[in-house]
Amino acid sequence: MTPTFRIRPRLLAALALALSALAFALSALPMAQAAEDFPRKPITLLVNGGAGSLPDSFARPLADKLRVALGQPVVVDNKPGAGGMVALQTLKSAPADGHTLAIITNAHAVWNPYVFPKLSYDPVADLLPVSPIAVIPMALAVHPKVPANSLEALVQLARKQPGALNYASSSSGSPPHVLFELFKAEADTRIVHIPFKTGTDALTSVVSGDTHIYLAGTSLVEPMVKEGRLRVLAVSPQVKSPTFAGAPTFASKGYKGFEDAVWLGVVTSTGTPPAVVERLNREIGIALQDPAILKAFDAHGSLPWHATPAAFAQRIAADRALWTPILKSLKLDAN
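Described below are features of the structure shown in this document. Remember, predicted model here, so these are calculated numbers, not experimental data.

Among the 6 residues of strand E9 (residues 231–236), 5 are classified as buried, and the element is accordingly described as predominantly covered. Looking at chain direction, strand E5 (residues 138–142) and E9 are connected through 5 bridges and run antiparallel. By the bridge assignment for E9, Leu 140 is matched with Ala 234.

On to the sheet that holds strand E10 (residues 263–269), then. Across the sheet, 6 strands lie side by side as E2-E1-E3-E10-E4-E11; this open sheet has mixed pairing. In this open sheet, the two edge strands, each paired with only one partner strand, are strand E2 (74–78) and strand E11 (303–304). Note: strand E3 (residues 100–105) against E10, 5 bridges, orientation antiparallel. Paired with Ala 102 across the bridge in E10 is Val 267. Helix H3 (residues 85–93) rests against strand E1 (43–47), E3, strand E4 (127–135) and E10 of the sheet, and its axis sits at about 145 degrees to E3.

Orientation of helix H7 (residues 175–187) relative to helix H12 (residues 309–330), taken along the N-to-C sense of each, is 70 degrees, at an axis distance of 11 Å. What the angle tells us is that H7 and H12 run roughly perpendicular. Contacts between H7 and H12 involve Val 178, Leu 179, Glu 181, Leu 182 and Ala 185 on the former and, on the latter, Trp 323, Ile 326, Leu 327 and Leu 330.

Ordered by their spatial adjacency, 5 strands build an open sheet running E7-E6-E8-E5-E9, and the pairing between neighbours is mixed. A single partner strand is all that each edge strand has here, and the edge strands are strand E7 (192–195) and E9. Strand after strand, the sheet turns through a mean of 25 degrees between neighbouring axes, direction not considered. The strands that helix H8 (residues 199–208) touches are E5, strand E6 (166–169) and strand E8 (213–217); relative to E8, the one it contacts most, it runs at about 140 degrees.

So, how was this worked out
- Residues numbered from 1 in each chain as written.
- Predicted model: local features only at pLDDT ≥ 70, side-chain atom pairs only at ≥ 80, totals over all residues.
- Heavy atoms only, no water.
- Buried < 20%, exposed > 50% of the residue type's maximum accessible area, 1.4 Å probe, protein only.
- Helix = DSSP H or I, 4+ residues; strand = E, 2+ residues; numbered from the N terminus.
- Pairing = 2+ DSSP bridges.
- Contact = heavy atoms within 4.5 Å.
- Axes fitted to C-alpha atoms, helices over the stretch in contact; angles between N-to-C directions.
- Parallel < 35°, antiparallel > 145°, perpendicular 65-115°, else oblique.

Below you can see the structure in the form of structure tokens.
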């Protein structure tokens, strides 16, 4: 007669627990190994903007801090144009190992699908959130020859002369483009969009008087405002800089959707090991506490913002839910 073996329930449960722990430990080995080996080579930080642009001004000091923390060169690669598609197509084509990163705004993660009918990347499928880095206050500035000393006066002028005024943007689909179109819709005006390749080009056009209006990051326009070469009519949100002390917020004038509307963050390729993403997030968080970084952000008037990859992903998802109906109603065109 063949003997029958019975395993006691407690022993069976203990065995199952042990096997589960072993399986977890084995599955964690590749992730731990990935984090331990990272980085194995120089890191590329892609920037949708030229040298001296607003994204570039964040990328370079961050790259310096990451270079020291990670022990590898961090190369800033400027790839402006096409609403970020040049930079993000490069990221999409890169190996998913954390050695290629990109600075993005909410335009790239949220708005672009409603601006570009043929987007070369999928914000949901191709961009893996690593960490937010800043909230960017915006300022609506005009050339001094524009006969409007207030937001109300600008709206009245635009209504009296539909299509006579124009505004510059750093590119189609950029925050200056989308937010100004929102302003136009709320103000019920017709102001012509003139897109440029970079924020620096757009700023130059307004300062020279070739275009009339620019809604841009406060740090980009502040030097020109100080020199009297631009006049600020509104900001969002209010910033500490005395340069903008007399400017009202959009919210105070009844315009909604502008407060904390523009942010910057770091993403990498989908498929990058979670341990590598966590390492990058941790080092970015440490960098954002550095006095030199804080001083640079304060000079921008920008607000440092760090969160976990999961929290950053949740913010992006919340922005998609908030902006999708707005963007559909605006019916933006990249041309």
